[in-house]
Amino acid sequence: MRKALVVLVAMLVLVSTAFTASAATTLEFLEVMTSPERTALLKSMIAEYEALNPDIKINLISPPYEQSEQKATLMLNTNQTLDIIEVRDLSAKQFVNNGKLTDLTEYLEAWTDAEPMTAVANAAARTVDNTPYLIPANIYIKALFVRRDVLREHGIHEIPTTLEELVETAIKITDPSKNQYGFTWRGKSSEIKFSDLFAAPYVEELKDAEFVYTDGEHHFRESGFKEGMELYIKLFKEAVPNDGINWGFNEQINAFVSGTTPFLIQDPDSIPLLDKMLGPDKYEVHPIPVGPYGFNYIDYGFAGLGIPSYSKHKEEAWEFIKWMSTSDKNGYYNQHYGPLPVHTATFENNEHFQGKHYVAYNYEMNHPEIFVPIPYDLSSEKWPGWAKIHETDMQSVLLGRMSLEQALGKWAKYWD
Amino acid sequence: MHGYKRYMLFSILPAFAFLALFIYLPITQGVLISFQGYTLYDMNNVKFIGLDNFKAIITDINFPFIQILFNTAIWVGVSLLMQFVLGFVLALLMRKPFKGRGIYSALVFYPWAMSGFAIGLIWAWLFNGQFGVINDILLRLGLISTPIGFLSNPSYAMISVLVANIWYGVPFFAIMLLAALQSVPAELIEAATIDGAGSTRRLFSIIIPYIKPTIVSTTLLRTMWIMNFPDIIYGMTSGGPANSTNILSTQMINKLLQFYDYGQGSAFGVVIMSLLFAFATFYLKLTSTKESDAA
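What you see is a predicted model; the values in this text were computed from it and never measured.

Thresholds applied
Residues numbered from 1 in each chain as written. Chains lettered and ligands numbered in written order. Predicted model: local features only at pLDDT ≥ 70, side-chain atom pairs only at ≥ 80, totals over all residues. Helix = DSSP H or I, 4+ residues; strand = E, 2+ residues; numbered from the N terminus. Buried ≥ 20, exposed ≤ 12 C-beta atoms within 10 Å, placed from the backbone. Rg over C-alpha atoms; globule rule 2.2 N^0.38 Å. Contact = placed C-beta atoms within 7 Å. Pairing = 2+ DSSP bridges. Axes fitted to C-alpha atoms, helices over the stretch in contact; angles between N-to-C directions. Nonpolar A, V, L, I, M, F, W, Y, C, P; charged D, E, K, R; others polar. Core = buried A, V, L, I, M, F, W, Y, C linked by C-beta atoms within 7 Å. pLDDT = per-residue confidence, 0-100. Parallel < 35°, antiparallel > 145°, perpendicular 65-115°, else oblique. Left-handed = near helix turned anticlockwise from the far one by under 90°.

(A) Examining the overall build of chain B more closely. A tally of helices and strands in chain B yields 13 helices and two strands. In terms of principal-axis extent, the alpha carbons of chain B reach across some 80 × 75 × 35 Å. Counting the 295 residues in chain B, one finds 32% classified as buried.

(B) Summary view of the overall build of chain A. A tally of helices and strands in chain A yields 18 helices and ten strands. By the compact-globule yardstick of 22 Å for 416 residues, chain A fits well, its C-alpha radius of gyration being 24 Å. Overall, the C-alpha framework of chain A stretches about 90 × 45 × 45 Å when taken along its three principal axes. When each of the 416 residues of chain A is scored for burial, the buried share is 44%. Contacts spanning at least 24 positions in sequence make up 78% of the contacts within chain A whose residues lie at least 6 apart.

(C) Molecular detail of the pairing of strand β5 (residues 143–146) of chain A. All names here are of chain A. Strand direction decides the pairing type here: β5 and strand β6 (residues 263–266), joined by four bridges, are antiparallel. Looking at the pairing, F145 lines up with L264 of β6. Pairing of β5 with strand β7 (residues 284–286) involves three bridges; the strand directions are antiparallel. From the neighbouring strand, L144 faces β7, where its bridge partner is H286.

(D) How the structure looks around the sheet that holds β5 of chain A. All names here are of chain A. Reading across from one edge, β6-β5-β7 is the order of the three strands in this open sheet, with antiparallel pairing throughout. The open sheet terminates on both sides in strands that have one partner only, identified here as β6 and β7. With strand direction ignored, the average angle separating the axes of adjacent strands in the sheet is 30°.

(E) Layout of the interface of chain B and chain A. Between chain B and chain A, the contact holds 25 residues from the first and 33 residues from the second. Classifying every residue of the side of chain B that touches chain A by side-chain character gives ten nonpolar, 14 polar and one charged.

(F) Inspection of the sheet that holds strand β3 (residues 84–88) of chain A at higher detail. Residue and element names in this part refer to chain A. Strand order in the open sheet made by the five strands is β2-β1-β3-β9-β4, with mixed pairing throughout. Two strands close off the open sheet at either side, each with one partner strand: β2 (56–61) and β4 (135–140). Neighbour-to-neighbour, the strand axes of this sheet turn through a mean angle of 20°, independent of strand direction. Pairing geometry for strand β1 (residues 25–30) and β3, over two bridges, is parallel. Counted as the bridge partner of F29 is I84 from β3.

(G) Local environment of helix α14 (residues 327–337) of chain A. Residues and elements named next belong to chain A. Along α14, the residues that are buried comprise S327, N330, G331, Y332, Y333 and N334. Buried residues along α14 sit in contact with α2 (36–52), β4, α13 (314–324) and α15 (344–349). Positive backbone phi, at 130°, marks G338, one or two positions downstream of α14.

(H) Expanded view of the nonpolar core. Membership of the largest hydrophobic core comes to 99 residues, with the highest contact counts inside it found for I84 and I139 of chain A. The element that contributes the greatest number of residues to this core is helix α10 (residues 223–239) of chain A, accounting for six residues. The next biggest cluster of nonpolar side chains, apart from the first, holds 42 residues, and it includes F84, F127, I211 and Y234 of chain B.

(I) Inspection of the confidence of the model for chain B at higher detail. All names here are of chain B. When pLDDT is averaged across chain B, the result is 91; 97% of the residues are at 70 or more. Element-level mean pLDDT values for chain B span from 83 in helix α4 (residues 101–109) up to 97 in helix α2 (residues 52–58). Interface predicted TM-score (ipTM) for the complex: 0.90; the corresponding pTM is 0.90.

(J) Summary view of the environment of S380 of chain A. Residue and element names in this part refer to chain A. Looking at where S380 falls in the secondary structure, it is placed in the loop between β10 (371–373) and α17 (386–398). Classification of S380 by C-beta neighbours within 10 Å gives partly exposed; the count is 17. Through-space distance from the C-alpha of S380 to that of A51 is 43 Å; in sequence the pair is 329 residues apart. When residues no more than four places from it in sequence are discounted, the contact partners of S380 are T214 and D215.

(K) Structural context of the packing of helix α9 (residues 192–199) of chain A against α10 of chain A. Residues and elements named next belong to chain A. As a packed pair, α9 and α10 sit with axes 7 Å apart at the nearest point and diverge in direction by 120°. Between α9 and α10, the crossing angle belongs to the class labelled oblique. As for how α9 packs across α10, the hand of that crossing is right-handed. Taking contact as the criterion, the partners of S195, F198 and A199 in α9 are, on α10, F225, G228, M229, L231 and Y232. For the contact of α9 with α10, the class distribution of residues is six nonpolar, two polar and no charged.

(L) Seen up close, the pairing of β3 of chain A. All names here are of chain A. Along β3, five of the five residues are buried, which leaves the element largely enclosed by surrounding structure. Every second residue of β3 is oriented toward a common face, with I84, E86 and R88 on one face and I85 and V87 on the other, all of them buried. Examined bridge by bridge, β3 and strand β9 (residues 301–306) share four bridges and lie antiparallel to one another. Residue pairing in the sheet places V87 in a bridge with G304 of β9.

(M) Up close: the environment of N296 of chain A. Residues and elements named next belong to chain A. Checked against the element boundaries, N296 lands in strand β8 (residues 296–298). Along the sequence, N296 and L163 sit 133 residues apart, while their C-alpha atoms lie 9.3 Å from each other. Setting aside its immediate chain neighbours within four residues, N296 contacts L197, P201, I288, P289, V290, G291 and F371.

(N) Molecular detail of unusual backbone geometry. Across the junction of G240 of chain B and P241 of chain B, the peptide omega takes the value -10°, indicating a cis bond. With respect to the secondary-structure elements, P241 of chain B resides in the loop between α11 (231–236) and α12 (248–257). Phi at N179 of chain A takes a positive value of approximately 55°, unusual for a residue other than glycine. Locating N179 of chain A in the fold gives a position in the loop between α8 (163–173) and α9. For N179 of chain A, a count of 14 C-beta atoms within 10 Å gives the class partly exposed. Phi at Y260 of chain B is positive, roughly 55°, even though this residue is not glycine. Structurally, Y260 of chain B can be placed in the loop between α12 and α13 (262–294).

(O) Local environment of the environment of M117 of chain A. Looking at the element boundaries, M117 of chain A is found in the loop between α5 (105–110) and α6 (119–125). Dropping the residues within four chain positions of it, M117 of chain A is found in contact with N122, V342, H343 and T344 of chain A.

Shown next as structure tokens:
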């Protein structure tokens, strides 16, 4: 009798939990740009959303950063349950090619109270096939970080506005015997985004180009590009410690914080880091120096949210993405995480993004005639691995194992 | 007898099924992919392309195959030799009890418990050309006048990653060889001593032959692990500068993570597997012949 009672109670409990479980929809959400701080931030925002929508539960999947891109690919390609996925510039094309992302055009058309986004954010949303497969959430563009205190010690009071001035100033303050160098080099992991920034604006036609370069359209044979590269190599030889060849993000931040190299080109997500390590008053952020034709290009990186094509809860997922994509929530998200928000209103209303460290970014985005937004052609099948090839060749050039002419010829052939 | 055989077959079936599912199936899959045009960029267009992936990795002008093979040989050869020698010395030192041996051995075995990427990051900072402790010590000792770019100078980069890997692998040999050394009967050594054998003679004529099976299996295992271990290099140099520390397994990772090319990545996997298979066959044959000679 007692046994029967226990069984009965157990069954009742099972049935009741089954009912409550079916009442709430659980959305699976995979983040990719994982870091402990960001995961905590996302979780707090999800908790807020769940409190507002008791019938929705969101399960955040946060693989370690190094594996997250693979995990995303694997989950999508094996159709594992997933309703919201973080898509970044580098993977968008791949996901679309494999038919794994939902075209959000219809959802966007029906979204009448959407707030206007910046030009860069709008372009980011339509990166692949001019179709909105994602709603951008974080924008990354580069600016010049400066240690004015170090420059002042060397009697320099003007911040360089052209690439040539930057190189001259960096060389001027370099004194290896005092371990003082001028520029924070990037030698590995996406070093291409730094070297192109010096060489490409020496090509006047770049201003009208659709991409920095693409299949069959590139500038590696232009004398201007070579001139820019020569300037960049000169910068390395005369204003950078030899060790720079092996510098990634961490080494860059360290060199800048220590004052060894008072010029750093970086994305806005370095701001919270530098605020913590150095203090907000110890550094300034200025627009990227321009080339001889008075412009430089702005290659924007981004991450946003999309819906897997096979999701069974697209409507619910869209509701969450909409909520995350209000200027209020997006502003809050980026304020605590670092990158730039996507709405024009945020730059006007949010005090944080009116702060001194963001003025340069705002200026860059509002002056497209000087800072021309030109992306890389991430859709090209030649893009995957290109950065690694470039890194190896560039290291060979800096080590004197390959001439600049050889490298340029090789790159031209690759993109012909 | 027949019934016994059937019983035996049934007994090994679960283990075999497990191996088949988790080892043989993925290996077969990997080998199949190495013959396919298989890139994450275009999963809808996967097809068999014969030996094209192998041709592509062997003729790659950006990442010369010969250089990668040479780097791999240095990486495996030097790492293994130094790990073994130092591990053996440590094991010999720790064989006899002394005060604080427990703490000492815990300290010695510590590196083995760390993840490869973490080790790579730690050593990358130690070898850093600007703020690295190693440069700092050398400068203070007056041995150098300007910091050395350990990880940015191709002549030093391979040595630096090797030092990190040797540091990591020594405890493995120390643990395994210490266990083996403790199994050498004391009376055997005693008898040899009475017969007038000196310590060198005892080492080479008694101890090493006695623990030879352990030496053979540990060196073989380590060879495989070192060859399949891109973590430290990836954390320290990503195979650079200019390919000078690029080995087969780091290039395999490059193909997967940077190029999204699983076909060529798997081709590297097949090359690694074939080399290890050939080495293991050769090595086991070599060591077992000697054993029967000795007997």
